[in-house]
There are 2 protein chains.
Amino acid sequence: MNNQIDFSDIFSRSGWFVGFEEDKLPDIFSFGHRRVYESGVTLFREGDHATKSYMVLKGRLKVSKLHEDGREAIVRYINPGEMTAAVSVLKGKDYPVTAQAIGPSEALEWDRETMLNLMNTYPRIAINLLGIVVERLDDIQTRYLELQTERVEQRIARSLLRIMRQSGRKTSEGILIDFRLSRQDLADYTGTTLYTVSRTLSRWEQKGWTVSSRERIVVTNPHALVSFAETG
Amino acid sequence: MNNQIDFSDIFSRSGWFVGFEEDKLPDIFSFGHRRVYESGVTLFREGDHATKSYMVLKGRLKVSKLHEDGREAIVRYINPGEMTAAVSVLKGKDYPVTAQAIGPSEALEWDRETMLNLMNTYPRIAINLLGIVVERLDDIQTRYLELQTERVEQRIARSLLRIMRQSGRKTSEGILIDFRLSRQDLADYTGTTLYTVSRTLSRWEQKGWTVSSRERIVVTNPHALVSFAETG
DNA sequence: CCCCCTATTTGCGCCGGCGCAAAGACACGA
DNA sequence: TCGTGTCTTTGCGCCGGCGCAAATAGGGGG
């Protein structure tokens, strides 16, 4: 288990720490259990009884909901510094979604009891949690509206931009999505099919907006993409 | 302003009051301002600065998000006993949705300052709020999945059933949706068009599953509808 | 009780996007 | 370096659902 996690970077990405003095954080962390996940491992499944909350330290989680017919909707990606499953654990409910590591990852885990103790010691935690949940509610409501009202190509554009903002890294070519993202993944996130995403990316590549290869997408002209996403 | 609101009914419908002794509730209520709304009045608009939280006492609110092109997505209906806008007010943000009275309504309003005071006095409020928000997050995530994966007719069935469970009233004919619900409304809630809803209801009426007229829907065979919603 | 405004129904034609199928490209392991 | 499995591309045909248009039905106000 290596220790060169950049905590200050993690702090800045997470609403979790708002209002804490930095010297309290090691205390909170010390009650968590640090664990490594191989790529592809499922941390928890929709419908399982919720026992642990997670904060991602390294890597990335894919949070999705599964439909009976096998199709899946990707609800969000969880980046380093972000939490997942905190509330279902507190409430003693089942997980409403499934979380899977994409790429080698590390997370800090807290069990229900520890969480409740921490919340007693630091009431601020409940307030911060409320903020995080509301933010996610806004996000999914907005995407719900888009899914109802916009055409596929526009939605793919918005999806790609959203992922880019959360997980993009600047390179000489443009902004690179910093993890393996297949056409199928982008389709599951957008609410369309593998084929349509593929055709769309081909078109965009011809226009010079993106460059894509196997499980890899670079946005070379974010401006054009934003403008297209907004005007249709 | 009449006073024959059935508070015990309101308590039972709302997660808001979980864990309170009943004798504290009059205190909380006394800090709210009670107000009457005519049918069609807009309580707040998406993007406005959030100044007031509401609890519906009578009537019903329609909560929706608007798209630039004029189309709207109905996010949910707020029934008596339920809250809306509590968190945006606390966070000092803008309203993320629009709320409009459908039918003559009454609500209890609290402003930001009062809310913050109440939360200090009764910390339980924050915890209950968290529960409410999470419930809504689950709801919208589930509908998001359905919107991505299911065909229109199935989604209309699920939508109607969801509305029925929240706002249905048993009658001799079957279960009546207890407020004016047009084909357009159901379309905006489901993510389809007025035309498709109309055709679908006609079909269902022939099968004996529903009886509908102008802005009025009665589910006469809930079983059949549920079975259809689940199996497609 | 009648009028007018709004909601609903339904025929018709179109088309965006789906999904099969087959070929091509790439990545990794032996 | 080659082979194999997975991901991607693209031609092709189909069809679910949209949306116009016109007729019809209600219902609330005067």
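Residues numbered from 1 in each chain as written. Chains lettered and ligands numbered in written order. Predicted model: local features only at pLDDT ≥ 70, side-chain atom pairs only at ≥ 80, totals over all residues. Heavy atoms only, no water.

## Focus: the pairing of strand E7 (residues 98-101) of chain B
All names here are of chain B.
Then, in step 1: Note that strand E2 (residues 42-44) and E7 share two bridges and pair antiparallel. Opposite Phe 44, over in E7, you have Ala 99 as the bridge partner.
Then, in step 2: Both strand E4 (residues 61-66) and E7 contribute to a ladder of four bridges, which runs antiparallel. Counterpart to Ser 64 in the pairing with E7 is Thr 98. (Pairing = 2+ DSSP bridges. Helix = DSSP H or I, 4+ residues; strand = E, 2+ residues; numbered from the N terminus.)

## Regarding the interface of chain B and chain A
Where interface size is given, it is often the accessible area lost as the parts come together that is meant.
Then, in step 1: With 39 residues of chain B at the interface, the matching set in chain A holds 39 residues.
Then, in step 2: Taken together, the two surfaces of chain B and chain A that pack against each other cover about 3500 Å², and 68% of this comes from carbon and sulfur.
Then, in step 3: In this structure, the connection of chain B to chain A is made through zero salt bridges.
Then, in step 4: Linking chain B with chain A are eight residue pairs in polar contact (both at pLDDT 80 or more).
Then, in step 5: Tallying contributions element by element places helix H5 (residues 124-149) of chain B first for the side of chain B that touches chain A, with 18 residues.
Then, in step 6: Of the residues in the side of chain B that touches chain A, the class split is 18 nonpolar, eight polar and 13 charged. (Contact = heavy atoms within 4.5 Å. Buried area = accessible area lost by both parts, 1.4 Å probe. Salt bridge = Lys/Arg side-chain N within 4 Å of Asp/Glu carboxyl O. Polar contact = N/O pair within 3.5 Å; in protein donor to acceptor, adjacent residues only side chain to side chain. Nonpolar A, V, L, I, M, F, W, Y, C, P; charged D, E, K, R; others polar.)

## Overview of the nonpolar core
Most often, soluble globular proteins keep nonpolar side chains buried together rather than apart.
Then, in step 1: Grouped together as the largest cluster of nonpolar side chains are 94 residues, with contacts concentrated most on Met55(A) and Met55(B).
Then, in step 2: In this view, Met55(A) contacts Ile10(A), Trp16(A), Phe17(A), Phe29(A), Gly81(A), Glu82(A), Met83(A), Glu106(A), Ala107(A), Leu108(A) and Trp110(A); residues no more than four positions away in its chain are not counted. (Core = buried A, V, L, I, M, F, W, Y, C linked by side-chain atoms within 4.5 Å. Buried < 20%, exposed > 50% of the residue type's maximum accessible area, 1.4 Å probe, protein only.)

## Here we look at the protein's contact with DNA strand D
Then, in step 1: The immediate surroundings of DNA strand D are formed by 17 residues, with Arg183(A), Ser198(A), Val152(B), Thr196(B) and Arg199(B) found nearest.
Then, in step 2: Val152(B) places a polar main-chain atom, nitrogen or oxygen, 2.8 Å from a phosphate oxygen of DNA strand D.
Then, in step 3: In the environment of DNA strand D, a phosphate oxygen lies 3.3 Å from a nitrogen or oxygen atom belonging to the side chain of Thr193(B).
Then, in step 4: Of all elements in the fold, only helix H8 (194-207) of chain A together with helix H8 (194-207) of chain B reach the threshold of two or more residues within the surface near DNA strand D.
Then, in step 5: With four residues, H8(A) is the largest single contributor of residues to the surface near DNA strand D.
Then, in step 6: Residue composition of the surface near DNA strand D, by class: three nonpolar, six polar and eight charged. (Near = heavy atom within 4 Å.)

## Re the domain arrangement of chain A
Residues and elements named next belong to chain A.
Then, in step 1: Partitioning chain A into domains gives domain 1 (7-147) and domain 2 (152-231).
Then, in step 2: With centres defined by C-alpha atoms, the gap from domain 1 to domain 2 works out at 25 Å.
Then, in step 3: If you look at the interface, domain 1 gives 17 residues, while domain 2 gives 14 residues.
Then, in step 4: Of all residues in domain 1, Arg 60, Tyr 77 and Glu 146 give up the largest surface area on contact with domain 2, accounting jointly for 39% of the area buried on that side.
Then, in step 5: Our count for the domain 1 to domain 2 interface comes out at three salt bridges.
Then, in step 6: Measuring nitrogen to oxygen at the nearest pair gives 3.2 Å for the salt bridge that ties Arg 162 to Glu 146. (Domains from an automatic or database assignment.)

## A short note on the sheet that holds strand E2 (residues 42-44) of chain A
Residues and elements named next belong to chain A.
Then, in step 1: Reading across from one edge, E2-E7-E4-E5 is the order of the four strands in this open sheet, with antiparallel pairing throughout. Each of the sheet's edge strands pairs with one partner strand only, and the pair in question is E2 and strand E5 (72-78). Sheet twist, expressed as the mean angle between neighbouring strand axes with direction ignored, is 30°.
Then, in step 2: Bridge count between strand E4 (residues 61-66) and E5: six bridges; the pairing is antiparallel. Following the sheet pairing, Ser 64 is matched in E5 by Ile 74. (Axes fitted to C-alpha atoms, helices over the stretch in contact; angles between N-to-C directions.)

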